[in-house]
Amino acid sequence: MKTYLFLASAALILGLGMLLPQSSHAASFDCSKTDLKADEKAICDNRPLNDQDVKMVTTFDLISGLLPMGNRGELQDQQTAWLKTRQACNADVACIGKAYDARLKQLMSVYDNIERPR
């Protein structure tokens, strides 16, 4: 049930974002920059990857806000390590997609294990 509520909240946020005018930004970087890395360019050029980027950043931000201060640093360290994994894919769309799938699975595991008041 808690996963369903989280996913419903994330879907609402993503849905509202789709109503806004399209810009040259993925969720986590500016696609109009001239010095994009190969993975970033692939994400900007591929709508499904761009959507995964939006979902990942939205999920990461929501979870960061729910975690106690002491756990946020660890989550950020994991995100930095994951980013290196994504960058290692270069422009390989399938590899980047798998990296996002794996990271979203990790983030949902973090969410499912957040202690909640009873």
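Our structure's up above, just so we're on the same page.
Heads up: these notes are all about the structure in this document. Since the structure is predicted, the reported quantities are computational estimates derived from the model, not experimental observations.

A short note on the overall build of the chain
Reasoning step 1: The helix and strand tally for the chain stands at 5 helices and 0 strands.
Reasoning step 2: Each helix and strand of the chain, ordered N terminal to C terminal, gives the series α-α-α-α-α.
Reasoning step 3: Residues counted as buried form 31% of the 118 residues belonging to the chain.
Reasoning step 4: In the chain, once contacts between residues fewer than 6 apart in sequence are set aside, the share between residues at least 24 apart is 69%.
Reasoning step 5: Summed over all atoms, the accessible surface of the chain reaches about 7,500 Å², with 59% contributed by carbon and sulfur.

A closer look at helix H3 (residues 47-66)
Reasoning step 1: Between its terminal C-alpha atoms H3 stretches 29 Å, which fits the 28 Å expected from 20 residues at 1.5 Å a residue.
Reasoning step 2: For H3, the complete set of buried residues consists of Leu-49, Asn-50, Gln-52, Asp-53, Met-56, Val-57, Thr-58, Thr-59, Phe-60, Ile-63 and Ser-64.

Concerning unusual backbone geometry
Reasoning step 1: In this model, Asn-90 sits at a positive phi of 55°, which is unusual for a non-glycine residue.
Reasoning step 2: Tracing the backbone through its elements, the reader meets Asn-90 in the loop between helix H4 (69-88) and helix H5 (93-112).

Notes on the pattern of salt bridges
Reasoning step 1: One pass over the structure, following the stated rule, counts 5 salt bridges.
Reasoning step 2: When the shortest N-O distance is used, the salt bridge between Asp-35 and Lys-33 registers 4.0 Å.
Reasoning step 3: The class for Lys-33 is partly exposed, based on a relative accessible area of 43%.
Reasoning step 4: Of the charged contacts in the structure, one is a salt bridge between Arg-47 and Asp-51, with a shortest N-O distance of 2.9 Å. Residue Arg-47 and its partner Asp-51 are both found in helix H3; the two are separated by 4 residues, about one turn of the helix.
Reasoning step 5: Taking relative accessible area as the criterion, Arg-47 reaches 44% and is therefore assigned partly exposed.

A closer look at the environment of Leu-75
Reasoning step 1: When you line up the elements, Leu-75 lands in helix H4.
Reasoning step 2: Considering only alpha carbons, one finds Leu-75 and Val-110, 35 residues apart in sequence, at a separation of 8.8 Å.
Reasoning step 3: For Leu-75, the contacting residues outside a window of four places in its chain are Phe-60, Ile-63, Ser-64, Leu-67, Arg-103, Leu-107 and Val-110.

Reading the values: the criteria
- Residues numbered from 1 in each chain as written.
- Predicted model: local features only at pLDDT ≥ 70, side-chain atom pairs only at ≥ 80, totals over all residues.
- Heavy atoms only, no water.
- Helix = DSSP H or I, 4+ residues; strand = E, 2+ residues; numbered from the N terminus.
- Buried < 20%, exposed > 50% of the residue type's maximum accessible area, 1.4 Å probe, protein only.
- Contact = heavy atoms within 4.5 Å.
- Areas by Shrake-Rupley, 256 points an atom, 1.4 Å probe, with all protein chains shown as cover.
- Expected span 1.5 Å × (residues − 1).
- Salt bridge = Lys/Arg side-chain N within 4 Å of Asp/Glu carboxyl O.

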